[in-house]
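# Structure assessment
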Amino acid sequence: MMKYLTETMSRSGLLKEDLDYQLIRASMVIVFLSFGYQKWFEYEAQVLIPYISNGPLISWMYPVFGVRGGSWFLGAMEWLICLLLFWGFWNKQAGILGALGSCATFVATVTIIPFMPNGWDEVAGGFPAMTGNIPFLMKDVVLLAASFYLLKQDIVRAMRRGTTNCLTRNLAKILAGFGLLSEDIEYHVLRASMVIIFAFFGFTKWHQYAAQLMIPFISNSPFISWLYPAFGLRGGARFLGASEWTILALLYAGFWDRRFGILGALGSTGTFLTTVTIIPFMPDGWDPTAGFPAMAGAVPFLMKDIVLLAVSVYLLKQDVVRMSLSNRKAEAGLEMRSTNVVQTARPVDAHA
């Protein structure tokens, strides 16, 4: 099965060198471009109030810029980061600056989670039953991990090419001092971030409040709308919860066994392919005043799944490649042992 999967992915081009790196970079460019755009409009300035007001690292923006000015400031910063990340396709120094800005952005948003009021459903027992604005912020855990991945990759690639400057060298020293340039650390960070996402989102779907919240997503999906006729309102949510916890278990087991990791990454890729395809069918997804591409309603929540999809493809590719290398090493070792056995068993020439 794994051999067939490897061959299929090779033919599809998914095992092409750096494809996963380029996909994650492109997905982050799309996110910063789209989220930066909507912050120039009044409706988004109002949406941002609970986030900025409760952000321990960004609440200073309202006293300095005001409600509308704070939104414009974020829009300008996000478009600058978008430009640097896009430039990073060709210039690793620019990519490093963009990845630094991206890391800072999602550190600022992830740290809002503990301070966001009414973020855990009391009827469901509170933490970890996410509600309100918390699910939107929770996805930033993966976006932060993806930002770190790009930062490490760009620093390492710049050093290999000998195109470093003072900033790059100092960053490399700092990251190395914390062990953040060690081999495979970004692979483990990205896997851990996906495990966290499936753990939290899978948990919420076992509760009634989440079943109600899922209605617009499932009803407007071209791929999972069949869940309601098949299982009903509550059963559809539970089906998704069971599926997500299965993927969680497989991704977690993938830390030690690549075979489980491949299955988990396949499930994760399928999950976010499904959610991303809801975007064009989501009603009221674009602000009626600003129009497309000014996101509104549930579309911003779904837009982040572009990054989660890219990370899923990265994990799938990495696990398939690592599994293939492990199999080849095992085959080479077996062949070497077989050769040694044959040579040992060969009769000695009596006339030698």
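Up top you'll find the structure we're talking about.
As a starting point, this report considers the structure included with it. (Residues numbered from 1 in each chain as written. Predicted model: local features only at pLDDT ≥ 70, side-chain atom pairs only at ≥ 80, totals over all residues. Heavy atoms only, no water.)

## Observations regarding the packing of helix α5 (residues 61-87) against helix α6 (residues 92-110)
Interhelical geometry of α5 versus α6 gives an angle of 140 degrees and a closest axis separation of 7 Å. Taken together, the axis directions place α5 and α6 in an arrangement best described as oblique. For α5 against α6, the interelement crossing comes out left-handed. Facing α5, whose interface residues are I81, L84, L85 and W87, α6 presents A94, G95, L97, G98, A99, G101, S102 and T105. Of the residues in the contact of α5 with α6, the class split is seven nonpolar, five polar and no charged. (Axes fitted to C-alpha atoms, helices over the stretch in contact; angles between N-to-C directions. Helix = DSSP H or I, 4+ residues; strand = E, 2+ residues; numbered from the N terminus. Parallel < 35°, antiparallel > 145°, perpendicular 65-115°, else oblique. Left-handed = near helix turned anticlockwise from the far one by under 90°. Contact = heavy atoms within 4.5 Å. Nonpolar A, V, L, I, M, F, W, Y, C, P; charged D, E, K, R; others polar.)

## Thoughts on the pattern of salt bridges
Tallied over the full model, the rule gives twelve salt bridges. R68 is the partner of E42 in a salt bridge, and the nearest nitrogen-oxygen pair spans 3.2 Å. Placement of the pair is E42 in helix α3 (residues 42-47) and R68 in helix α5, with a sequence separation of 26 residues. A residue is classified by how much of its surface remains accessible, and E42, at 38% relative accessible area, is partly exposed. (Salt bridge = Lys/Arg side-chain N within 4 Å of Asp/Glu carboxyl O. Buried < 20%, exposed > 50% of the residue type's maximum accessible area, 1.4 Å probe, protein only.)

## Regarding the layout of surface pockets
Space left empty within the atom packing is revealed by a probe, the size of a water molecule, rolled over the atoms. Each pocket or cavity is described by its volume, and for the second largest pocket that value is around 520 Å³. Lining the second largest pocket are 19 residues, with Q153, R157, R160, E186 and Q318 sitting closest to its centre. Mapped onto the lining of the second largest pocket, the elements with two or more residues apiece are α2 (19-38), α8 (140-161), α10 (185-204) and α16 (305-345). In terms of residue count, the dominant contributor to the lining of the second largest pocket is α8 (six residues). (1 Å grid on protein atoms, 1.4 Å probe; cavity = no way out; pocket = protein on both sides within 12 Å on 5 of 7 lines; lining within 4 Å. Points joined across faces, edges and corners; volume = space filled by probe spheres on them.)

## Observations concerning α5
Over its 27 residues, α5 runs only 28 Å from end to end, short of the ideal 39 Å by more than 12%, given 1.5 Å per residue. Along α5, the sharpest kink reaches roughly 95 degrees, centred on V67. Buried residues along α5 sit in contact with α2, α3, α4 (49-53), α6 and α8. (Expected span 1.5 Å × (residues − 1). Bend = angle between axes of the 7 residues up to and from the residue.)

## Let's talk about the nonpolar core
Among the nonpolar cores identified, the biggest contains 87 residues, and I24, M28, M138, M194 and V311 are the most heavily contacted of them. In this structure V311 touches I24, V142, A146, L190 and M194, once residues within four positions along its chain are discounted. (Core = buried A, V, L, I, M, F, W, Y, C linked by side-chain atoms within 4.5 Å.)

## Let's talk about a nonpolar patch on the surface
A contiguous nonpolar surface patch, about 390 Å² in accessible area, is contributed by L33, W40, W72 and W79. Locating W40 in the fold gives a position in the loop between α2 and α3. For W40, a relative accessible area of 31% corresponds to the partly exposed category. (Patch = residues over 30% accessible without salt bridge, like charges linked within 9 Å, V, L, I, M, F, W, Y side chains within 5 Å. Areas by Shrake-Rupley, 256 points an atom, 1.4 Å probe, with all protein chains shown as cover.)

## Re unusual backbone geometry
Across the junction of F127 and P128, the peptide omega takes the value 5 degrees, indicating a cis bond. Here P128 is to be found in the loop between α6 and α7 (134-138). The omega torsion of the bond from F292 to P293 falls at 10 degrees, within 30 degrees of zero and hence cis. Its identity as a non-glycine residue notwithstanding, N118 has a phi of 55 degrees, on the positive side. Among the secondary structure elements, N118 is positioned in the loop between α6 and α7. Phi at D284 takes a positive value of approximately 55 degrees, unusual for a residue other than glycine. Looking at the secondary structure, you find D284 in the loop between α14 (258-276) and α15 (299-303).

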